[in-house]
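Inside the fold
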Amino acid sequence: MTLHLYDTATRDERAFTPLTPGKVGIYLCGPTVQSAPHVGHLRSAVAFDVLQRWLERSGYQVTLVRNVTDIDDKTLAKAADAGWEWWAWALKHEREFQAAYAAVGVKPPAAEPRATGHIPEIVAIISRLIDAGHAYEKAGSVYFDVRSYADYGTLTRQALDDLSPATDSPTEDKRDPHDFALWKARKDGEPDTASWDSPWGPGRPGWHIECSAMSQRYLGDEFDIHGGGLDLRFPHHENEQAQSRAAGYGFAHLWMHSAWVTQSGAKMSKSLGNGLLVSEVLAAHEPAALRLALAAVHYRSMLEYSPSTLDEASAQWARFQSFVARASEKVGAVSSADVAAAALPDAFVEAMDDDLGVPRALAVIHETVRAGNAALTAGDDAAVASALLAARAMLDVLGLDPAAPEWAGERAGASSSAMGALDFLVKADIEARAAARAAKDWGTADAIRDRLAGAGIVIADAADGARWSLAADS
RNA sequence: GGUGGAGUGGCCGAGAGGCGAGGCAGCGGCCUGCAAAGCCGUAUACGUGGGUUCGAAUCCCAUCUCCACCUCCA
């Protein structure tokens, strides 16, 4: 089986064929940087990061573009409420998003274009739409004429007459209530810095046009995959597609949408007040555990988030970490190059090729780890070595190789020198405890263990001596 | 009203006609001075009612419940 992906537009899964052999262009709708990132935002980032990693592992050269929509009605409104310049407000949140993405190991995209940096491209595509008879100017604003484009609604199977009217701008200027703004005329009270010159007078871009302009600039008239959260299908993606295709571009060949994070069945969102901020979660849990929690559910299924979600993910992560650490100690560390070149188990490949079946892929990883642990107990070094290599290679595809640089030293964010100093101190206790145990002085041995446990240091005895680790966060 | 999605064992979650994915928690065991970790074992699971079939969680019909998009949303 080769890679098959589910296309939201056609609602079926089919073999993935890139436009250019060996290369894949992906446009991912990034954040509207008007507020702090919550875990739901990270879900789509992680899902498409796994897609990128799997494509790369499959031999493709991937160009992933993830935009930043740094101006829109809400950004202006929230910045004004906070007494901030809108551009400073947007950049503050853009940085928070970047930090959150980096924390959970999302690879930096090939390009991260901002809407405000592409006004000329936006003006150009709007002009093209007007020339083609798909857009019209009214009172300094420009609207997309949905009735002029027969395929409007095909992405999400919407019939115009059944839709509620678009409310992004005053209806009275529109030919049809479903028309939406491509260019918004500057309004009184809006800051001068939020306005650009255009053939239709000063103003700013509407919400959807920036993606049409930027995808075209970085990926060309036609590209392989367009991604984003499920909630962007309508109106955002529908409108994007209408604009780009009506302007004469082939646009996206395949649409992929990631589902959201729910709590008690309800979608996590800022407006419901149930958004869990990334900063809050990372204050209590390891970033890798958060990544694992977000990746563990198939990207098209809702992810039910509860207080135990991160505890479970932490337990799984500790299991992976522990196996990789013990196995590496026993049979020697594996180099990154070997991990990248290692053969992947067939069941893992089949799962990933089937529309990124991460849950099934994870099951293969768990089976491999179990076999590896059994081999450790049995002293079968050859089996340990092969399990270690396979496990790391599979975990690497998911961005969760415990021995990879981004995770290897993450515990407590400690520098290696601090960990070295800690190791020196703890070793002294371990030696004292070993002496007590040798003398069968269990009271002293247990007291030392309890004292260390109180400091978050876990002691585990083994046949060849005790080893210590920092307790998992809770 | 229109469009789409979901109901699986205590919990999270795969699967999509025929040996009960996997994880977490629990219980029993091995190991351990005791633990921890690890390993082994352990479940009357598929919203409800019908139907098709030798066989249905998977197909068909009906029905209930929940969620989402059509304001901003990953």
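From a predicted model like this one, the values you see are computed outputs, not experimental measurements.

**Observations regarding the overall build of chain A**
The secondary structure content of chain A amounts to 16 helices and 15 strands. Residues counted as buried form 50% of the 474 residues belonging to chain A. Accessible area of chain A: about 20,600 Å², with a carbon and sulfur share of 53%. In chain A, 44 side chains carry a positive charge and 64 a negative one; their mean positions are 3 Å apart.

**A word on helix α3 (residues 86-103)**
Between its first and last C-alpha, α3 extends 26 Å over 18 residues, near the 26 Å set by a 1.5 Å rise per residue. Trp-86, Trp-89, Ala-90, His-93, Glu-94, Phe-97, Ala-100 and Tyr-101 are the residues of α3 that are buried. Projected down its long axis, α3 carries its buried residues within an arc of 130 degrees, all on one side. More than 90 degrees from the buried face of α3, the exposed residues found are Arg-95 and Ala-102.

**Side note on the environment of Val-458**
Among the structural elements, Val-458 can be located in strand β14 (residues 457-460). Overall, the relative accessible area of 39% leaves Val-458 in the partly exposed class. Taking the C-alpha atoms as reference points, Val-458 and Ser-195, separated by 263 residues in sequence, lie 58 Å from one another.

**Structural notes on the protein's contact with RNA strand B**
Taken together, 61 residues sit near RNA strand B, with Trp-207, Gly-229, Leu-232, Trp-260 and Met-268 positioned nearest. Among the atoms of RNA strand B lying within 4 Å of the protein, the sugar-phosphate backbone contributes 68%. Between RNA strand B and the protein, one listed contact pairs a base nitrogen with a side-chain N or O atom of Glu-312 at 3.0 Å. With nine residues, helix α12 (residues 358-378) is the largest single contributor of residues to the surface near RNA strand B. When grouped by side-chain class, the residues that make up the surface near RNA strand B number 21 nonpolar, 21 polar and 19 charged.

**Overview of the pairing of strand β4 (residues 61-66)**
Across six bridges, strand β3 (residues 23-28) lies against β4 in parallel orientation. In the strand pairing of β4, Val-24 is matched with Val-62. As a crossover connection, the stretch from β3 through helix α1 (residues 39-57) into β4 is right-handed.

**What about helix α4 (residues 119-131)?**
Residues spaced three or four apart along an α-helix point in a common direction, a consequence of the helix completing one turn every 3.6 residues. For α4, spanning 13 residues, the distance from its first C-alpha to its last is 18 Å, which sits close to the expected 18 Å at 1.5 Å a residue. Every buried residue belonging to α4 is among Ile-119, Glu-121, Ile-122, Val-123, Ile-125, Ile-126 and Leu-129, and all of these are buried. Next to the buried residues of α4 lie β5 (135-138), β6 (141-144), β7 (180-185), β8 (203-205), α5 (209-219) and α6 (233-246).

**Looking at the domain arrangement of chain A**
Interfaces are often sized by the amount of accessible area the parts lose when they come together. Each assigned domain of chain A is listed with its residue range as follows: domain 1 (4-258), domain 2 (307-408) and domain 3 (411-470). Each of domain 1 and domain 3 has a C-alpha centre, and the two are 54 Å apart.

**Let's talk about the nonpolar core**
Phe-348 and Met-352 are the most contacted members of the largest nonpolar core, which has 80 residues in total. With 10 residues, the top contributor of residues to this core is α1. Shared between two domains, this core holds at least three residues of each, these being domain 1 (4-258) and domain 2 (307-408). Once residues lying within four places of it in the same chain are set aside, the contact partners of Phe-348 are Trp-54, Ala-361, Val-364, Ile-365, Met-394 and Val-397. Grouped together as the second largest cluster of nonpolar side chains are 31 residues, Ile-71, Ile-122, Ile-126 and Leu-160 included.

**Quick notes on the sheet that holds strand β9 (residues 222-229)**
Spatially, four strands are ordered β4-β3-β9-β10 in an open sheet, and the strand pairing comes out parallel. The open sheet terminates on both sides in strands that have one partner only, identified here as β4 and β10 (251-258). Adjacent strand axes in the sheet meet at a mean angle of 25 degrees, parallel and antiparallel pairs treated alike. Direction of pairing for β3 relative to β9: parallel, over a ladder of three bridges.

**Digging into the sheet that holds β7**
One open sheet holds the four strands; their spatial order is β5-β6-β7-β8, and the pairing between them is antiparallel. The open sheet terminates on both sides in strands that have one partner only, identified here as β5 and β8. Strand-to-strand twist of the sheet, defined as the mean angle between neighbouring strand axes without regard to direction, takes the value 20 degrees. Here β6 pairs with β7 via three bridges, running antiparallel. Looking at β7, one finds that Phe-144 is bridged to Phe-180.

Conventions used here
Residues numbered from 1 in each chain as written. Chains lettered and ligands numbered in written order. Predicted model: local features only at pLDDT ≥ 70, side-chain atom pairs only at ≥ 80, totals over all residues. Heavy atoms only, no water. Helix = DSSP H or I, 4+ residues; strand = E, 2+ residues; numbered from the N terminus. Buried < 20%, exposed > 50% of the residue type's maximum accessible area, 1.4 Å probe, protein only. Areas by Shrake-Rupley, 256 points an atom, 1.4 Å probe, with all protein chains shown as cover. Lys, Arg positive; Asp, Glu negative; His and termini not counted. Charge placed at Lys NZ, Arg CZ, Asp CG, Glu CD. Expected span 1.5 Å × (residues − 1). Arc of directions from axis to C-beta. Near = heavy atom within 4 Å. Polar contact = N/O pair within 3.5 Å; in protein donor to acceptor, adjacent residues only side chain to side chain. Nonpolar A, V, L, I, M, F, W, Y, C, P; charged D, E, K, R; others polar. Pairing = 2+ DSSP bridges. Right-handed = clockwise from strand over helix to strand, strands pointing away. Contact = heavy atoms within 4.5 Å. Domains from an automatic or database assignment. Core = buried A, V, L, I, M, F, W, Y, C linked by side-chain atoms within 4.5 Å. Axes fitted to C-alpha atoms, helices over the stretch in contact; angles between N-to-C directions.

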